[in-house]
Amino acid sequence: QISQTAVVNEAFYGNFLSYFTSDGEGKDIQNRRTWLHELPTLSTDGTNFPLTYALRATALAFCGIETANQALVQEAGKLYGEALHAHALLLQSNPKIVTVHMISTSVMLSLFEAMQSTTADAYRSHIYGAARMLEVTGPGQCQYGVLCQLFFHVRTQMAFIYLTTHKAQPVAVNKILSDSLGYTRLPIFQRLMSHIAALAEIYVNLSFESENSASGQQLLDLEVYTRVKSSIEALYHTYISSTPSSTPLTTTSPLTHQTTYRDGFTALTLSYFSAARILFSLLAPRFSATYLDFTDHYKSVLDCARFLKTKKIGCAYMRMATPLFLVALHAPREEQRREAMEYFLEWRTGSMRGISVLALETIRER
């Protein structure tokens, strides 16, 4: 007799987990195997039952949503509760020991929330929980670069959560990258994310001030603006110059004018460079004319989103939430804002409902 659990898990690995890795990502993080490759072993080696429950819950939720099977979705909710309970007991039993299994459990539970959204704060809690565990683990747990991939996903989601909820928890990012992950030289995407995080914090603070003060915004200092913008532009030139001329980052069809990218991770990286430039334009409008930039970075983000949609890389799509959120709120053209909103509306009826709800609620409030 064929086990229903085995069938669902197999469907999950075959469809959903292939979303988790953007093709091309391994070149940047230099890992030998992906989380996708390791998770089947991690979840079935008998050492961490919470991860097994979390995997089954997320697998059932995904399959239930994709097939419109409410019974599977309800069963997924029950398993999710069991996974939460078992995960909490394991963490309490020995809080000084954190393994890649435990971090994988929190990330898996966050993926469940990205689809289902059981409470308003659950997604944020799981993402920051995974980050907290990464702070206290060591490089011995970074099997084949698996933790690197998990953290890169977590870090992009931290930026999105902060922009949409204005709630941040201090995380020792540098400690994680140097101690837990053992990096001596950071990948370009992580250096870019450090700038994105700093700009997001200023953006949130200015948004809060403008909503609660009649005096208006205190815009980014010119000296700081110049220094950080120069750093990001230098990082961008390093990125494009490291690409062999035989494999261009982008190509544009002369007939359809559609942009294609070297791979999914290239599209994701370029969208975050555009997000950084959008934040600059928002934070420094008084003197931004001093630095002429004729590129439509809102269009660039949408080009990346269109490409990733054809690739069907769900996790990369989750990481696109931050750039798309900025386009939906701030693009100067209505059709650009509408297109960004349409992505979130489409996610709401599919397997990223939780992410969509968080974005749409904030956009409508703002």
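Residues numbered from 1 in each chain as written. Predicted model: local features only at pLDDT ≥ 70, side-chain atom pairs only at ≥ 80, totals over all residues. Heavy atoms only, no water.

Looking at an unreviewed UniProt entry, one finds the chain named Fungal-specific transcription factor domain-domain-containing protein, with Clohesyomyces aquaticus as its source organism.

Chemist: Give a detailed account of the nonpolar core, specifying residues and quantitative values.
Modeler: Leu181, Leu324 and Phe344 are the most contacted members of the largest nonpolar core, which has 116 residues in total. When residues of this core are assigned to their parent elements, the largest contribution, 13 residues, is made by helix α8 (residues 146-165). The residues that make up this core include at least three from each of domain 1 (1-184) and domain 2 (185-365). Other than its neighbours up to four places away in sequence, Leu181 contacts Cys142, Leu147, Cys148, Phe151 and Ile176. (Core = buried A, V, L, I, M, F, W, Y, C linked by side-chain atoms within 4.5 Å. Buried < 20%, exposed > 50% of the residue type's maximum accessible area, 1.4 Å probe, protein only. Helix = DSSP H or I, 4+ residues; strand = E, 2+ residues; numbered from the N terminus. Domains from an automatic or database assignment. Contact = heavy atoms within 4.5 Å.)

Chemist: Can you tell me about the packing of aromatic side chains, naming the residues and giving the values?
Modeler: According to the stated counting rule, one finds 10 aromatic pairs in the structure shown. Ring centres of Tyr80 and Phe112 lie 4.2 Å apart, and the angle between their planes is 10°; this geometry places the pair in the stacked category. Of the two residues, Tyr80 sits in helix α5 (residues 70-93) while Phe112 sits in helix α6 (residues 100-116), which places them 32 residues apart along the sequence. The exposure class of Tyr80 is buried, given its relative accessible area of 6%. Centre to centre, the rings of Tyr236 and Phe273 are 5.2 Å apart; their planes meet at 75°, and the pair counts as edge-to-face. Linking Tyr236 in helix α11 (residues 222-241) with Phe273 in helix α12 (residues 264-283), this pair joins segments that are 37 residues apart in sequence. The class of Tyr236 is partly exposed, set by a relative accessible area of 21%. (Phe/Tyr/Trp six-rings, centres within 6.5 Å; stacked < 30°, edge-to-face > 60°.)

Chemist: Go over the side chain of Thr105, please, and point to the residues and values.
Modeler: Along the chain, the position of Thr105 falls in helix α6. Residue class for Thr105 comes out buried when judged on its relative accessible area of 0%. Once residues within four sequence positions are removed from consideration, Thr105 is found in contact with Asn48, Pro50, Leu51, Ala54 and His87.

Chemist: Lay out the packing of helix α15 (residues 321-330) against helix α16 (residues 334-348) with the relevant residues and their values.
Modeler: One way to put it is that α15 packs onto α16 with a least axis distance of 7 Å and a crossing angle of 135°. Between α15 and α16, the crossing angle belongs to the class labelled oblique. Crossing of α15 over α16 shows left-handed handedness. Only Gln336, Arg337, Ala340, Met341, Tyr343, Phe344 and Trp347 of α16 make contact with α15, whose side of the interface consists of Ala321, Leu324, Phe325, Val327, Ala328 and Leu329. (Axes fitted to C-alpha atoms, helices over the stretch in contact; angles between N-to-C directions. Parallel < 35°, antiparallel > 145°, perpendicular 65-115°, else oblique. Left-handed = near helix turned anticlockwise from the far one by under 90°.)

Chemist: A description of α11 should follow, citing residues and the corresponding values.
Modeler: The terminal C-alpha atoms of α11 lie 28 Å apart, and with 20 residues this matches the ideal 28 Å at 1.5 Å per residue to within 8%. Taken residue by residue, α11 has Tyr225, Val228, Lys229, Ile232, Leu235 and Tyr239 as its buried positions. The buried side chains of α11 occupy one side of the element, clustering within an arc of 120° when seen end-on. Of the residues in α11, the exposed ones pointing more than 90 degrees away from the buried face are Glu223 and Ser241. (Expected span 1.5 Å × (residues − 1). Arc of directions from axis to C-beta.)

Chemist: How would you sum up helix α17 (residues 353-365)? Please name residues and give values.
Modeler: If you check α17, its first and last C-alpha atoms are 18 Å apart, about what 13 residues at 1.5 Å a residue would give, namely 18 Å. Of the residues making up α17, those classed as buried are Gly354, Ile355, Ser356, Val357, Leu358, Ala359, Leu360, Thr362 and Ile363.

Chemist: Tell me about the packing of helix α7 (residues 122-136) against α8, and name the residues and values.
Modeler: Closest axis-to-axis distance for the α7/α8 pair is 9 Å, and the angle between their directions is 135°. Judged by the inter-axis angle, α7 sits oblique to α8. Here α7 and α8 pass one another in a crossing that is left-handed. Touching Tyr123, Arg124, Ile127, Tyr128, Ala130, Ala131 and Leu134 of α7 are Leu147, Phe151, Val154, Gln157, Met158, Ile161 and Thr165, all from α8. For the contact of α7 with α8, the class distribution of residues is 11 nonpolar, 2 polar and 1 charged. (Nonpolar A, V, L, I, M, F, W, Y, C, P; charged D, E, K, R; others polar.)

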